[in-house]
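Residue-level listing of the chains:
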Amino acid sequence: MFGPEIFGIILLGALAWLWYDSLKAREAAVRAARAACVAEGLMLLDDTVAISNLKPVRDDDGRLTLQRAYDFEFSDTGNNRLPGSVVLRGHRVILLNVGSHAAPEVRTLH
């Protein structure tokens, strides 16, 4: 008769682990996006990322892990919003995309 109670506790524990693990992965994605923007001379807008995909995949050792994709926005001029993305497998960044952005046009006023 303890089956439903034990199942409920295990389910709550799994959900708590997923929530905690997702917070840690999100922090890693924000750090990676921030570092990429600093390296490229860009501004990370809103200083945050938003999850766009979550799926189970196999890592390099064949173990099952979660792959998360996050979207963020950055600006190269301060007057626009450009899309970027970060993909993490576990907590390791495997792809970071800030796209191709043109150098800001310099205008001389006479």
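Preceding this paragraph is the structure being described.
Here the structure is a predicted model, which is why all the values come from computation and not from measurement. The residue numbers shown here count from 1 along each chain, following its written sequence. Side-chain atom pairs in this predicted model are given and counted only at pLDDT of 80 or more, local residue features only at pLDDT of at least 70, and totals for whole chains, interfaces and linings cover all residues. Working from all heavy atoms in the structure, the side-chain values ignore hydrogens and water.

### Notes on the overall build of the chain
Applicable threshold: In DSSP terms, a helix is any run of H or I states spanning at least four residues, a strand is any run of E spanning at least two, and both are numbered starting from the N terminus. Per-residue accessibility, obtained with a 1.4 Å probe over protein chains only, is compared with the maximum for each type, and a residue is labelled buried under 20%, exposed over 50%, and partly exposed between these values. Here, residues are in contact when the closest pair of their heavy atoms is within 4.5 Å. Values of accessible area rely on a 1.4 Å probe in the Shrake-Rupley scheme; residue burial ignores everything except the protein chains shown.
Helices and strands together make up the secondary structure of the chain, namely one helix and five strands. Listing each helix as α and each strand as β along the chain from the N terminus yields α-β-β-β-β-β. Taking all 110 residues of the chain together, the buried fraction comes to 27%. Of all intrachain contacts in the chain linking residues separated by at least 6 positions in sequence, the fraction that spans at least 24 positions is 45%. For the chain, the accessible area works out to roughly 7900 Å², and carbon and sulfur atoms hold 60% of it.

### Quick notes on unusual backbone geometry
One non-glycine residue with positive phi stands out, namely Asp46, at about 65°. Residue placement: Asp46 occurs in the loop between strand S1 (43-44) and strand S2 (50-58). Classification of Asp46 as exposed rests on a relative accessible area of 58%. Despite not being glycine, Asp47 has its phi angle at roughly 50°, a positive value. Relative to the helices and strands, Asp47 is located in the loop between S1 and S2.

### Let's talk about the nonpolar core
As a reminder of what qualifies: Here the nonpolar core consists of buried residues drawn from Ala, Val, Leu, Ile, Met, Phe, Trp, Tyr and Cys, with membership extended through side-chain atoms lying within 4.5 Å.
Among the nonpolar cores identified, the biggest contains 17 residues, and Val49, Phe72, Val86 and Leu88 are the most heavily contacted of them. Of all the secondary-structure elements, those providing two or more residues to this core are helix H1 (3-40), strand S3 (64-75) and strand S4 (82-89). The biggest single contributor to this core is H1, with eight residues. With residues near it in sequence (within four places) discarded, Phe72 still touches Ala33, Cys37, Leu44, Thr48, Val49, Leu82, Pro83, Gly84, Ser85, Val86, Asn97 and Val98.

### Quick look at the side chain of Asp21
Examined against the element boundaries, Asp21 turns out to sit in helix H1. Its relative accessible area of 14% is what places Asp21 among the buried residues. Residues contacting Asp21, with those up to four places away along its chain left out, are Leu66, Arg68 and His91.

### Concerning the pairing of strand S5 (residues 92-97)
Condition: Two strands qualify as a pair provided DSSP detects at least 2 bridges between them.
Judged from the five bridges that link them, S4 and S5 form a sheet pairing that is antiparallel. Note on S5: the bridge partner recorded for Ser85 is Asn97. Here S4 folds back onto S5, and the loop between the two strands holds two residues, one of which, Gly90, carries a positive phi near 75°.

### Some points on a nonpolar patch on the surface
Let me state the cut-off plainly: Candidate patch residues must exceed 30% relative accessible area and have no salt bridge, after which like charges are joined if within 9 Å and Val, Leu, Ile, Met, Phe, Trp or Tyr side chains if within 5 Å. Salt bridge, as applied in this entry: a Lys or Arg side-chain nitrogen positioned within 4 Å of an Asp or Glu carboxyl oxygen.
A contiguous nonpolar patch, built from Phe7, Leu11, Leu12 and Leu15 and spanning about 440 Å² of accessible area, is present on the exposed surface. Position of Leu15 among the secondary structure elements: in helix H1.

### Things to note about H1
Inclusion rule: A helix is expected to span 1.5 Å for every residue after the first.
The end-to-end C-alpha distance of H1 is 55 Å, a good match for the 56 Å that 38 residues give at a rise of 1.5 Å each. Within H1, burial applies to Asp21, Ala25, Ala28, Ala29, Val30, Ala32, Ala33, Ala36 and Cys37. Directly beyond the C-terminal end of H1, a positive phi value near 75° is found at Gly41.

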